[in-house]
Number of protein chains: 2
Amino acid sequence: VSGFGLERLSLNQATVKHLGLSSAVELCVRHEIPAIGLWRDRVAEAGLSAAASLVRQAGLHVSSLCRGGFFTSADPEGLAAARADNVAAVREAAELGADALVLVCGGLAPGSRDLGLARRMVADAIGELAPVAQELGVRLGIEALHPMFCADRCVIASLGEAVDLALLFPAEAVGVVVDTYHVWWDARLAVELARAAGRIVSYQVCDWVLPLPADVLLGRGHLGDGVIDFGPISAAVAAAGYDGYVEVEIFNHDVWAAPPDHTAVTVRERFPLVTGVMTGRGSGRG
Amino acid sequence: VSGFGLERLSLNQATVKHLGLSSAVELCVRHEIPAIGLWRDRVAEAGLSAAASLVRQAGLHVSSLCRGGFFTSADPEGLAAARADNVAAVREAAELGADALVLVCGGLAPGSRDLGLARRMVADAIGELAPVAQELGVRLGIEALHPMFCADRCVIASLGEAVDLALLFPAEAVGVVVDTYHVWWDARLAVELARAAGRIVSYQVCDWVLPLPADVLLGRGHLGDGVIDFGPISAAVAAAGYDGYVEVEIFNHDVWAAPPDHTAVTVRERFPLVTGVMTGRGSGRG
């Protein structure tokens, strides 16, 4: 048992996509969820300073800010724009006191089929951003996305790659984000989590639900509604030294359409599945 | 340049899904395509002996038979049925003189979330099948499917896993199938292809086309219509000692709806992209 009890639960704002920041904060308080993962668009909507004080006054911990990245571009102007946006994201993460700035690194550069080029762009961009993050005390979290997003969203398509990349930089500035949805299938997961020791800056959970929907971005489900066996993954994440929050982040039309209080109740009810100590629902356990 | 010229082209029957065996064979002959990848349902429809003589008389080489596998099951009856079906598939491959029997290994066992269990079932089943294959002179090809199919079709979700598994068995009985659609994203692809030296028994190609369709099984395209850079992959496949046929296998509603002669022309026209020596179409090259 990894020790991720409800005191470690964080609600990623994207799970209640239709709520503005203050409503999402109130929801967490109402359901005794001690932390929140914020999204930059919702923070901007509320205003950065106002958002920071709102969250602080509610007594919520900010487990992550989503997100920086999208580093790949076909031209210098695009690269410069990405750089400026990422510096801004680091500043926002610092002001919000977020445990990590989540990086979704970007797909192939437009008009290119060169995976190596895209991966070098990502490494270069993180190399430029890391000193900024270090100076402001922000940890960047490189998130490996599922390989089905390799072409258009993130050329870092396995946890091993994210770890390789993070290890190029100081641990206090750059780590990795582990999201069960993206990495659950990987036969190398256990060994890569061990290699990530001291580098895991965010742990996000949701389930892999079949069949995949038309928009594969939205194929996520509440814990227990799919096929992921969370217990061993959480144990390996804990063994790698991670003792931060566990963010429930679900992109799913049905979840978004549900009343947010209902979603929050389900998130809390299912959370024990993170450590595998509860009998789950769906096709598997029992 | 890997040396995969048109004399190495094979048309996988699934690319012209709506044709029966004899029509597919005639199509290959008409378009000077020297080899064909066969599917068991179409072979059964024609009758095994009739199919074998039809293909032989046409002078076509059989580059693969698709497919065996689906080894994972929740109960002993299911496992026994899979075993019997796979033995039959090996016999069919032998009679057809196929270079390889392609194995799609199966997803999680029904009602289970245990990836390790499913992977052990696959290893055990291949262990039982390998002596049969060896005796009949058939090479089994373990195909790594894209990780998006891990839950429901194939728990062998990366080339590295397929190679690890193949290396447990004699090289003359068990190898791996490399399909660009399934493995193009993998940062470890080059090293795993090198490890696969002498073990590649089939090389299948098609492109990764965005956006993914509602049914992700059908997101494949003609070479050049997507984002895959085939040249370096083909060079690594050749460097690993593979000098067999290159099968064009495309699952795509539009391709299936096209006149088969049109499809065959496009397959031939685009085939030079396999070695990267032709300027391609689509979003990338040029």
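Residues numbered from 1 in each chain as written. Chains lettered and ligands numbered in written order. Predicted model: local features only at pLDDT ≥ 70, side-chain atom pairs only at ≥ 80, totals over all residues. Heavy atoms only, no water.

*Asks:* Explain the overall build of chain A to me, and be specific about the residues and the numbers.
*Replies:* Per the secondary structure count, chain A includes eleven helices and ten strands. Over its C-alpha atoms chain A spans a radius of gyration of 18 Å, differing by no more than 12% from the 19 Å that the globule rule assigns to 286 residues. Along the first, second and third principal axes, the C-alpha atoms of chain A reach 50 × 45 × 35 Å. Of all 286 residues assigned to chain A, the portion counted as buried reaches 59%. (Helix = DSSP H or I, 4+ residues; strand = E, 2+ residues; numbered from the N terminus. Rg over C-alpha atoms; globule rule 2.2 N^0.38 Å. Buried < 20%, exposed > 50% of the residue type's maximum accessible area, 1.4 Å probe, protein only.)

*Asks:* Explain the packing of helix α3 (residues 48-57) of chain A against helix α4 (residues 76-96) of chain A to me, and be specific about the residues and the numbers.
*Replies:* All names here are of chain A. Closest axis-to-axis distance for the α3/α4 pair is 9 Å, and the angle between their directions is 35 degrees. Here α3 and α4 pass one another in a crossing that is right-handed. On the side of α3, the interface is formed by L48, S49, A51, A52 and R56, while α4 contributes E92, E95 and L96. Here the contact of α3 with α4 is built from residues that sort into four nonpolar, one polar and three charged. (Axes fitted to C-alpha atoms, helices over the stretch in contact; angles between N-to-C directions. Left-handed = near helix turned anticlockwise from the far one by under 90°. Contact = heavy atoms within 4.5 Å. Nonpolar A, V, L, I, M, F, W, Y, C, P; charged D, E, K, R; others polar.)

*Asks:* Got a sec to walk through the environment of K17(B)? Specific residues and values, please.
*Replies:* Residue and element names in this part refer to chain B. Along the chain, the position of K17 falls in the loop between β1 (9-12) and α1 (21-30). Considered as a pair, K17 and D225 are 208 residues apart in the sequence and their alpha carbons are 19 Å apart. Excluding residues that lie within four positions of it along the chain, K17 makes contacts with R42 and W256.

*Asks:* Break down α3(A) for me, citing the residues and quoting the values.
*Replies:* All names here are of chain A. Residues of α3 that are buried include every one of A51, A52 and V55, and no others. Buried positions in α3, seen along its axis, are confined to an arc of 100 degrees and lie on one side of it. Exposed and facing more than 90 degrees away from the buried side of α3 are S49 and Q57. In this structure, the buried side of α3 is in contact with α1 (21-30), β2 (35-39), α2 (40-46), β3 (61-69) and α4. Immediately beyond the C-terminal end of α3, within one or two residues, lies G59, with a positive phi of roughly 75 degrees. (Arc of directions from axis to C-beta.)

*Asks:* Break down the relation of the copies chain A and chain B for me, with residues and values.
*Replies:* The pair of chain copies shares a relation made of a rotation about an axis and a shift along it. Under the fitted operation, chain A is carried onto chain B by 0.0 Å of movement along the axis and a turn of 180 degrees, and the coordinates agree to an RMSD of 0.0 Å. What the superposition gives is, in effect, a two-fold axis relating one chain to the other. Residues of chain A ranked by C-alpha distance from the rotation axis are headed by A214(A), positioned 2.0 Å from it. (Least-squares fit on C-alpha atoms with pLDDT ≥ 70 in both.)

*Asks:* Please set out the packing of aromatic side chains residue by residue, giving values where relevant.
*Replies:* Considering all chains together, one arrives at 13 aromatic pairs over all chains under this definition. Look at Y181(A) and W208(A): their rings are 4.9 Å apart centre to centre, the planes differ by 35 degrees, and that puts the pair in the tilted class. Pair noted here: Y181(A) is in helix α7 (residues 180-183) and W208(A) is in strand β8 (residues 207-208), with a separation of 27 residues, a long-range link. Under the relative-accessibility criterion, Y181(A) is labelled buried at 0%. Both rings, one in F4(B) and one in Y203(B), keep their centres 5.9 Å apart while their planes meet at 45 degrees; by these two values the pair is tilted. Separated by 199 residues along the polypeptide, F4(B) in the segment before β1 and Y203(B) in strand β7 (residues 200-205) bring together distant segments of the chain. With respect to class, F4(B) is no different from Y203(B); both count as buried. An aromatic cluster of at least three residues, connected via ring pairs, comprises F4(A), Y203(A) and Y242(A). (Phe/Tyr/Trp six-rings, centres within 6.5 Å; stacked < 30°, edge-to-face > 60°.)

*Asks:* Before we move on, could you go through α1(B) and cite the residues and values that matter?
*Replies:* All names here are of chain B. Along α1, the residues classified as buried are L21, A24, V25, L27 and C28. For α1, the buried positions fall inside an angular range of 155 degrees around the axis, keeping them on one side. On the buried face of α1, the contacting elements are β1, β2 (35-39), α2 (40-46), α3 (48-57) and α11 (260-270). E32 sits one or two positions beyond α1 and adopts a positive phi of about 55 degrees.

*Asks:* Run through the interface of chain A and chain B, naming residues and quoting values.
*Replies:* Each partner contributes residues to the interface: chain A has 35 residues there, and chain B has 35 residues. If you sort the residues of chain A by the area they bury against chain B, R113(A), W184(A) and W185(A) come out on top, with a joint share of 28%. Our count for the chain A to chain B interface comes out at zero salt bridges. At the surface where chain A touches chain B, the tally comes to six residue pairs in polar contact (both at pLDDT 80 or more). (Buried area = accessible area lost by both parts, 1.4 Å probe. Salt bridge = Lys/Arg side-chain N within 4 Å of Asp/Glu carboxyl O. Polar contact = N/O pair within 3.5 Å; in protein donor to acceptor, adjacent residues only side chain to side chain.)

*Asks:* If you had to explain the sheet that holds strand β7 (residues 200-205) of chain A to someone new, which residues and values would you point to?
*Replies:* Residue and element names in this part refer to chain A. Strand order in this closed barrel of eight strands is β1-β2-β3-β4-β5-β6-β7-β10, and the pairing throughout is parallel. Across the sheet, the mean angle separating the axes of adjacent strands is 30 degrees when strand polarity is ignored. Sheet analysis places strand β5 (residues 140-143) next to strand β6 (residues 174-179), joined by four bridges and oriented parallel. Note on β6: the bridge partner recorded for E143 is V177. In the packing of helix α6 (residues 159-166) onto the sheet, the strands contacted are β5 and β6, and the crossing angle to β6 comes to about 165 degrees. (Pairing = 2+ DSSP bridges.)

*Asks:* Outline the environment of A98(B), supporting the account with residue identities and numerical values.
*Replies:* Residue and element names in this part refer to chain B. Mapped onto the elements, A98 comes out in the loop between α4 (76-96) and β4 (101-104). A sequence separation of 61 residues divides A98 from G37, and the C-alpha atoms of the two residues are 8.2 Å apart. For A98, the contacting residues outside a window of four places in its chain are V62, S64, L65 and A93.

*Asks:* Lay out the pattern of salt bridges with the relevant residues and their values.
*Replies:* Residues and elements named next belong to chain A. Under the counting rule described, the total for this entry stands at 24 salt bridges over all chains. Across the pair D164 and R195 runs a salt bridge whose closest N-O atoms are separated by 2.5 Å. With D164 in helix α6 and R195 in helix α8 (residues 189-195), this residue pair connects regions lying 31 residues apart in the sequence. The partner of R220 in a salt bridge is D179, and the shortest N-O contact between them spans 3.4 Å. In this pair, R220 is assigned in strand β9 (residues 220-221) and D179 in strand β6, connecting sequence segments 41 residues apart.

*Asks:* Please give an account of the sheet that holds β2(B) that cites residues and values.
*Replies:* The strands making up a sheet are joined through hydrogen bonds of the backbone, oriented either antiparallel or parallel. All names here are of chain B. The eight strands lie next to each other as β1-β2-β3-β4-β5-β6-β7-β10, forming a closed barrel whose pairing is parallel. Along the sheet, successive strands turn relative to each other by an average axial angle of 30 degrees, direction set aside. Judged from the four bridges that link them, strand β3 (residues 61-69) and β4 form a sheet pairing that is parallel. Note that in β4 the partner of C66 across the bridge is V102. In the packing of α1 onto the sheet, contacts are made with β1 and β2, and the angle to β2 comes to roughly 165 degrees. Together, β4, β5 (140-143) and β6 (174-179) form the strand contacts of helix α5 (residues 115-136), whose direction differs from that of β5 by roughly 150 degrees.

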